[in-house]
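Survey of secondary and tertiary structure
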Amino acid sequence: MLKISSLVILLILISACKPFSNDEMENQFTQKNKQLLFMGHKLGDWFDTDLPQCKHCSFHIYTKKMPSDTMLFKAIKNERGDLVFLSASNIRHHFALQTGGISYSIGVSLNDKTVLLSADFSKNLNLQLNQAQAVQVGAKGYVVSLQKINVDKNSVDLIFWSLAP
């Protein structure tokens with residue numbers, strides 16, 4: 001009888017104590033060896049000291065086939081469907097940045113290692129390797145960084161992340 005009541009009391013104590021609630025869940029982004037990871041998925045090189053923040057996000061991979069090669073997109077979106085992070089690889093001319101159910105056309109031009117980014121914001125941005133720049137896309141603020149220039153393929157790799165968590 002003593003064993004059973006001790007076991008019942010122990011079970012009550014264990015079920016009453018939660019190690020953490022859902023609101024205290026940790027950031028799903030991590031960094032390891034200068035690589036940004038989202039729940040174990042490699043997203044690319046990361047040189048910033050601050051990581052993007054997300055607690056309840058989902059990971060999506062999609063491609064866009066082009067005549068010469070395929071563009072690869074790795075997108076992390078929050079519960080509302082707002083874009084939190086986007087890794088875009090092998091970008092040649094333009095692509096759609098999708099956030100919150102709205103799609104924005106982002107143009108990219110590469111001339112002699114100069115990369116210009118254009119979209120719905122007021123001026124074209126001149127991008128430099130691994131240099132973060134703030135942009136406004138629709139009503140949301142993002143940071144964009146040029147990760148890689150492939151002159152042979154005339155393509156670039158970009159990452160976007162949300163200014164507000």
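Below or above, wherever it landed, is the structure these notes cover. (Residues numbered from 1 in each chain as written. Predicted model: local features only at pLDDT ≥ 70, side-chain atom pairs only at ≥ 80, totals over all residues. Heavy atoms only, no water.)

Across 5 bridges, the pairing between strand β11 (residues 133–137) and strand β12 (residues 140–150) is antiparallel. In the strand pairing of β12, Ala134 is matched with Val143. Hairpin connection, β11 to β12: the antiparallel pair is bridged by 2 residues, and Gly138 has positive phi, about 65 degrees. The turn linking β12 back onto strand β13 (residues 155–162) is made up of 4 residues, and Asn154 within it adopts a positive phi angle of 55 degrees. (Pairing = 2+ DSSP bridges. Helix = DSSP H or I, 4+ residues; strand = E, 2+ residues; numbered from the N terminus.)

This next bit is on the nonpolar core. Of all hydrophobic cores here, the largest spans 25 residues; its most connected members are Phe95, Leu117, Leu158 and Phe160. Other than its neighbours up to four places away in sequence, Phe160 contacts Val84, Phe85, Leu86, Phe95, Leu97, Ile106, Leu117, Val135, Tyr142, Val143 and Val144. Among the nonpolar cores identified, the runner-up in size contains 13 residues, and Leu36, Cys54, Val84 and Phe85 belong to it. (Core = buried A, V, L, I, M, F, W, Y, C linked by side-chain atoms within 4.5 Å. Buried < 20%, exposed > 50% of the residue type's maximum accessible area, 1.4 Å probe, protein only. Contact = heavy atoms within 4.5 Å.)

With respect to the helices and strands, Gly81 occurs in the loop between β5 (70–77) and β6 (83–91). When the C-alpha positions of Gly81 and Gly100 are compared, they lie 4.9 Å apart, and in sequence the two are 19 residues distant. Each residue touching Gly81, except ones within four places of it in the same chain, is listed here: Thr99 and Gly100.

Turning to the sheet that holds strand β8 (residues 102–111), a few remarks are in order. An order of β7-β8-β9-β10 is seen for the 4 strands of this open sheet, with the pairing classed as antiparallel. Each of the sheet's edge strands pairs with one partner strand only, and the pair in question is β7 (94–99) and β10 (125–127). Averaged over all pairs of adjacent strands, the angle between their axes in this sheet comes to 30 degrees, without regard to strand direction. For strand β9 (residues 114–118) and β10, the ladder comprises 3 bridges, and the chain directions are antiparallel. Across the sheet, the residue bridging to Leu117 is Leu125, located in β10. (Axes fitted to C-alpha atoms, helices over the stretch in contact; angles between N-to-C directions.)

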